[in-house]
Amino acid sequence: MDYKDLQVFLSLSSLQHLGKASQQLHMSASTLSRRLARMEEEAGAQLFSRDSSPLQLTPAGELFRQHAEQTLLSWEQLRSAVGTQVSDLSGRLTLYCSVTASYSFLADLLSRFREKYPQVDLRIHTGDAAESIPRVESGEADVVIAARPEQLAGGLTFKAMAASPLLFIAPRAPGAVLPLNQTEIDWAQVPMVLSESGLARTRVNRWFAARNIAPHIYAQVTGNEAIVSMVALGVGVGVVPELVLRNSPMAGRVRVLNVQPELEPFAIGLCAQSQRLQEPLLQALWKTAAI
């Protein structure tokens, strides 16, 4: 459980409504429900009573709310204490990331960085996630937010910030993809919407190969956001990181399939050329990401 989980819990306890909280937090109601279930599992108790509307905290949930408030207050006090000194460091830093990463990580990271290093000129570029690692390798970007590749090039260093499960998603409308109605899914008959390349494609290819299945690929697209949109239209089943689904405006029109074994999750973080990490600007951003 992390600080973001506690913030999610406090939002839900304040609004007392799963749908309203999911809108405020920019995640689907199903994702929020799964996140709450995971918190309850880790806490070892039911935190909300689902039998009433609005949602009501259980006695254990009230204790957990007090714990969450105290923990986040202590965290904010610590951040204020370590961030009281404003640095006179200046210069220019170019960062590249996907649009999804900008929603999920960039705002918080840049808020803390700008607070301490207001004179640094940050140039932010967004685009296809598959371009992140090549951009930092070529020097086109000083640093990127990306999923850690399975084989990280020798000249690069990666700093993990979060993990994102890799999910199979299907249209929410029943019967939209007929092979899914079978008792046992014949995956060779399921139309798949997959990314053209990248880490997600590598892992889903391996998943099919391990089962000796030749997948029926309906479409190959650039960008995970497009996969969610096509699946929402009912054309097939897709595979996307949870972070993409959480921030998609089409999240309410798809459902997550319980597929076993699960695909290996993404590790999301900063990546830069190792030889440049002693440069003051990169070093400052690297340290900010660790706070």
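Bear in mind that the values here come from a model prediction, so they are computed numbers and not experimental data.

Thresholds, definitions, all that
- Residues numbered from 1 in each chain as written.
- Predicted model: local features only at pLDDT ≥ 70, side-chain atom pairs only at ≥ 80, totals over all residues.
- Heavy atoms only, no water.
- Helix = DSSP H or I, 4+ residues; strand = E, 2+ residues; numbered from the N terminus.
- Rg over C-alpha atoms; globule rule 2.2 N^0.38 Å.
- Contact = heavy atoms within 4.5 Å.
- Areas by Shrake-Rupley, 256 points an atom, 1.4 Å probe, with all protein chains shown as cover.
- Lys, Arg positive; Asp, Glu negative; His and termini not counted.
- Charge placed at Lys NZ, Arg CZ, Asp CG, Glu CD.
- Phe/Tyr/Trp six-rings, centres within 6.5 Å; stacked < 30°, edge-to-face > 60°.
- Buried < 20%, exposed > 50% of the residue type's maximum accessible area, 1.4 Å probe, protein only.
- Salt bridge = Lys/Arg side-chain N within 4 Å of Asp/Glu carboxyl O.
- Pairing = 2+ DSSP bridges.
- Axes fitted to C-alpha atoms, helices over the stretch in contact; angles between N-to-C directions.
- Core = buried A, V, L, I, M, F, W, Y, C linked by side-chain atoms within 4.5 Å.
- Expected span 1.5 Å × (residues − 1).
- Bend = angle between axes of the 7 residues up to and from the residue.
- pLDDT = per-residue confidence, 0-100.
- Arc of directions from axis to C-beta.
- Polar contact = N/O pair within 3.5 Å; in protein donor to acceptor, adjacent residues only side chain to side chain.

A. Focus on the overall build of the chain. Looking only at helices and strands, the chain features ten helices and twelve strands. The C-alpha radius of gyration computed for the chain amounts to 21 Å, which stays within 12% of the reference 19 Å derived for 291 residues, consistent with globular compactness. Seen through its principal axes, the chain has C-alpha atoms that stretch 65 × 55 × 30 Å. Pairs at least 24 residues apart make up 73% of the contacts formed inside the chain by residues separated by at least 6 positions. Accessible surface computed for the chain: about 14800 Å², of which carbon and sulfur atoms make up 50%. Separation between the mean location of the 26 positive side-chain charges and that of the 27 negative ones in the chain comes to 2 Å.

B. Seen up close, the packing of aromatic side chains. Enumeration according to the criterion identifies nine aromatic pairs in this entry. Judged by centre distance (4.5 Å) and plane angle (10°), the ring pair of Tyr3 and Trp75 falls under stacked. Of this pair, Tyr3 sits in helix α1 (residues 3-15) while Trp75 is found in helix α4 (residues 59-82), placing the two residues 72 residues apart along the sequence. When its relative accessible area of 36% is taken as the criterion, Tyr3 is described as partly exposed. In this structure an aromatic cluster arises from ring pairing among Phe168, Trp187, Trp207 and Phe208.

C. Up close: the pattern of salt bridges. Scanning the entire structure with this criterion turns up 16 salt bridges. Here Glu242 makes a salt bridge to Arg34, at a shortest N to O gap of 3.7 Å. In this pair, Glu242 is assigned in helix α9 (residues 242-246) and Arg34 in helix α3 (residues 29-43), connecting sequence segments 208 residues apart. A relative accessible area of 14% places Glu242 in the buried class.

D. Here's a closer look at the sheet that holds strand β11 (residues 254-256). Strand order in the open sheet formed by five strands is β9-β8-β10-β7-β11, and the pairing between neighbours is mixed. Looking at the sheet topology across the chains shown, the edges are occupied by β9 (216-221) and β11. Between one strand axis and the next, the sheet turns through 35° on average, direction left out of account. Where strand β7 (residues 166-171) and β11 come together, three bridges link them in antiparallel fashion. Residue Ile169 lies in a different strand from β11, and its bridge partner there is Val256. Packed on one face of the sheet, helix α8 (residues 224-232) meets β7, β8 (191-195), β9, β10 (237-241) and β11 and runs near 145° to β10.

E. Representation of the nonpolar core in the model. Of all hydrophobic cores here, the largest spans 45 residues; its most connected members are Ile145, Phe168, Trp187, Met192 and Val237. Leu6, Leu36, Met39 and Ala68 belong to the second-largest nonpolar core, a separate cluster that totals 16 residues.

F. Focus on helix α5 (residues 99-116). With 18 residues, α5 extends 25 Å from end C-alpha to end C-alpha; this agrees with the ideal 26 Å at 1.5 Å per step. Remark: the principal bend of α5, roughly 50°, maps to Phe105. Looking at α5, one finds that the buried residues are Thr100, Ala101, Ser102, Ser104, Phe105, Leu106, Leu109, Leu110, Arg112 and Phe113.

G. Here's a closer look at the confidence of the model for the chain. Taken as a whole, the chain shows an average pLDDT of 87; of its residues, 97% reach a score of 70 or greater. When pLDDT is averaged over each element of the chain, β7 comes out on top at 94 and helix α2 (residues 18-25) at the bottom at 79.

H. Fine view of α8. Residues of α8 that are buried: Asn224, Ile227, Val228, Val231 and Ala232. The buried residues of α8 all sit within an arc of 130° when viewed along its axis, so they share a single face. Residues of α8 that are buried make contact with β7, β8, β9, β10, α9 and β11. Following α8 by one or two positions, Gly234 has its phi on the positive side, about 95°.

I. Broad picture of the side chain of Asn224. Residue position: Asn224 is located in helix α8. For Asn224, the contacting residues outside a window of four places in its chain are Val239, Val240, Pro241 and Val244.

J. Quick peek at the side chain of Ser195. Relative to the helices and strands, Ser195 is located in strand β8. A distance of 3.3 Å separates a polar atom in the side chain of Ser195 from the backbone oxygen of Ser197. The residues contacting Ser195, other than those within four sequence positions of it, are Ala200, Arg201, Val221 and Ile227.

K. Quick look at the environment of Arg114. Structurally, Arg114 is set in helix α5. Expressed as a C-alpha distance, the spacing of Arg114 and Leu25, which sit 89 residues apart in the sequence, is 23 Å. If we skip the residues at most four places from it in the chain, Arg114 touches Val120 and Leu122. Of the polar contacts made by the side chain of Arg114, one reaches the backbone oxygen of Pro118; its length is 3.5 Å.

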